[in-house]
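Coordinates in review
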Amino acid sequence: MDLLIILTYAALCYAGFKILRIPVNKWTVPTAILGGIFIIGFILLFMNYNHPYSNSARLYFVTTPIVPEVRGRVIEVPVVGNSPLKKGDVLFRIEPALYQIAVDQKRAALAEAEQNVLKLHAAADAANATVQEVTAERDRAQRQYERYAKANEGVTKPFSEQQVDNQRQLYLAKEAELVSAGANARQAELAAESQIGGVNTTVAQLRAQLAEAEYNLDRTVVRAPGDGFVTQVALRPGVMAVPFPLAPAMVFIPDEDNVFAGAFLQNYLQRIKPGDAAEIAFDALPGRVIQARVRTTLDAISQGQIQASGTLIDPASRRGAGHAIVTFDILEDLSAYHLPAGSAGQVAVYTEHWHALAIVRKILLRMLSWQNYVFH
């Protein structure tokens, strides 16, 4: 852009010497040169500071790496690159056989566990019935022992000591049997009543495992995370898809507005403010200048970022002052143009200072736009 100003001034001087027939001598030529240095230097100094320009600008867009959640061999890729997709459309399918087997196994195990719950309740009922039966036998043995013992309390002893002791031992045996039956009944009840959220714990565990298996089976069909499209589709049937974030299977581009941003020198930040008028000359649109407006200036520069690590920061490795990123709102409808996401361009910002010099910047930006017919 500076070269354009110099060439324009040189052309004006040449035309002035020819048209006005100014003599070329030791006075006129140095005057033209010194005047050019002063005029061009003045314009460049105040125009660059008050109406900044950046040739490092483009339409930025966000991509979503498509990483499968399960491992397997790809069997189908029905998606077509650069075709519009809706959320939930199939991108590709992974061989589901192993995951279907896992689902079938979990379903069988769940059905068996649910049957076992019925068996546990039946076992608990049977154990309680045994307790009642043994209780009756214990009570009968207790009464028999008490009758023998009471009958032998008088002078006449109808039963021998051996008989009384036998009845006592029988009673104690039934008492022990009752304790054992009660413990068994309690154990059966605990097994039958082992629940979480009103569901048997084993059943609940198997239901969770079945849900996980069904989830994995469902993930063998990889779908679009939203509206958008995929591009440069290189995935083919037979490729092994793995759930590894560093190796996505394809790239999905969401259907959302792109962000136009430019990188500016830091000394321009004292002039650029949100709402300032701006113009953009896209490389893909020769001869056209698009109206825009400053949205915001990002409050971070990449050269200053740090992350937790085991090494100290070496300032010598952070070379360069770095550029400030400024985002813009495009005020014109660009739907009539084929302007791919990622398109590069040049952008100029017109601040509220030194309005007279803004016209020079506008002329220079349009000259750059005309150059796009030939260059780039």
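Residues numbered from 1 in each chain as written. Predicted model: local features only at pLDDT ≥ 70, side-chain atom pairs only at ≥ 80, totals over all residues. Heavy atoms only, no water.

This part takes up helix 6 (residues 358–371). Between its first and last C-alpha atoms helix 6 spans 20 Å; for 14 residues at 1.5 Å apiece the expected length is 20 Å, and the two agree. Inspection of helix 6 places A358, R361, L364, L365, L368 and S369 among the buried residues, and these make up the whole buried set. Buried residues of helix 6, seen end-on, are gathered within an arc of 145° and therefore sit on one face of the element. (Helix = DSSP H or I, 4+ residues; strand = E, 2+ residues; numbered from the N terminus. Expected span 1.5 Å × (residues − 1). Buried < 20%, exposed > 50% of the residue type's maximum accessible area, 1.4 Å probe, protein only. Arc of directions from axis to C-beta.)

A large share of strand 4 (residues 90–94) lies buried, amounting to 4 of its 5 residues. The pairing of strand 3 (residues 72–76) with strand 4 spans 2 bridges and is antiparallel. Counted as the bridge partner of V74 is I94 from strand 4. Bridge count between strand 4 and strand 7 (residues 221–223): 3 bridges; the pairing is antiparallel. Bridge assignment links V90 to a residue of strand 7, and that residue is R223. (Pairing = 2+ DSSP bridges.)

This paragraph deals with the environment of I101. Mapped onto the fold, I101 is located in helix 3 (residues 97–151). For the pair formed by I101 and A213, sequence separation is 112 residues and the distance between their alpha carbons is 9.2 Å.

Our focus in this paragraph is the environment of P68. Mapped onto the fold, P68 is located in the loop between strand 2 (64–66) and strand 3. With sequence-adjacent residues up to four places away left out, P68 is seen in contact with F92, I94, V222, A241, V242, P243 and A249. (Contact = heavy atoms within 4.5 Å.)

Turning next to the packing of aromatic side chains. Summed over the entire model, instances satisfying the criterion amount to 4 aromatic pairs. A connected cluster of aromatic rings, assembled from ring pairs, spans F260, F264, F282 and F328. Over the aromatic face of Y350 sits the side chain of K362, whose NZ or CZ is 5.2 Å from the ring centroid. (Phe/Tyr/Trp six-rings, centres within 6.5 Å; stacked < 30°, edge-to-face > 60°. Lys NZ or Arg CZ within 6 Å of the ring centre and 35° of its normal.)

Before going further, it helps to examine the sheet that holds strand 8 (residues 228–230). Strand order in the open sheet formed by 3 strands is 2-10-8, and the pairing between neighbours is antiparallel. Each of the sheet's edge strands pairs with one partner strand only, and the pair in question is strand 2 and strand 8. Recorded for the sheet is a direction-independent mean angle of 30° between the axes of neighbouring strands. Relative to strand 10 (residues 250–254), strand 2 runs antiparallel, the two sharing 3 bridges. The residue bridging P65 from the neighbouring strand is V251, located in strand 10. (Axes fitted to C-alpha atoms, helices over the stretch in contact; angles between N-to-C directions.)

With 5 bridges connecting them, strand 11 (residues 259–264) and strand 14 (residues 324–330) associate as antiparallel partners. Considered in strand 14, the bridge of F260 is made with F328. Direction of pairing for strand 13 (residues 290–297) relative to strand 14: antiparallel, over a ladder of 5 bridges. Its bridge partner being in strand 14, T297 is matched across the sheet by V326.

With that out of the way, let us pick up the pattern of salt bridges. Applying the stated criterion to the full structure yields 9 salt bridges. Here R288 ties to E332 by a salt bridge, and the two come within 3.3 Å at their closest N and O atoms. Residue R288 is located in the loop between strand 12 (277–282) and strand 13, and its partner E332 is located in the loop between strand 14 and strand 15 (344–350); the two are separated by 44 residues in the primary sequence. Accessibility expressed as a relative area gives 31% for R288, which makes it partly exposed. By relative accessible area, E332 is classed as partly exposed at 27%. Each of E69, D218 and R219 takes part in salt bridges that share partners, so that together they form one network. (Salt bridge = Lys/Arg side-chain N within 4 Å of Asp/Glu carboxyl O.)

Before going further, it helps to spend a moment on the sheet that holds strand 11. Strands sit in the order 1-11-14-13-12-15 around a closed barrel of 6 strands; the barrel is antiparallel. Pairwise comparison of adjacent strand axes, ignoring direction, gives a mean angle of 40° for this sheet. As defined by bridge partners, strand 1 (residues 53–60) adjoins strand 11 across 4 bridges and the pair is classed as antiparallel. Counted as the bridge partner of L59 is F260 from strand 11. Where helix 6 meets the sheet, its contacts fall on strand 1, strand 12, strand 13 and strand 15, and the angle it forms with strand 15 comes to roughly 170°.

So, on to helix 5 (residues 201–218). For helix 5, which comprises 18 residues, the first-to-last C-alpha distance of 25 Å matches the rise-based estimate of 26 Å (1.5 Å per residue) to within 8%. Every buried residue of helix 5 is accounted for by V203, L206, L210, A213 and L217. The buried side chains of helix 5 occupy one side of the element, clustering within an arc of 85° when seen end-on.

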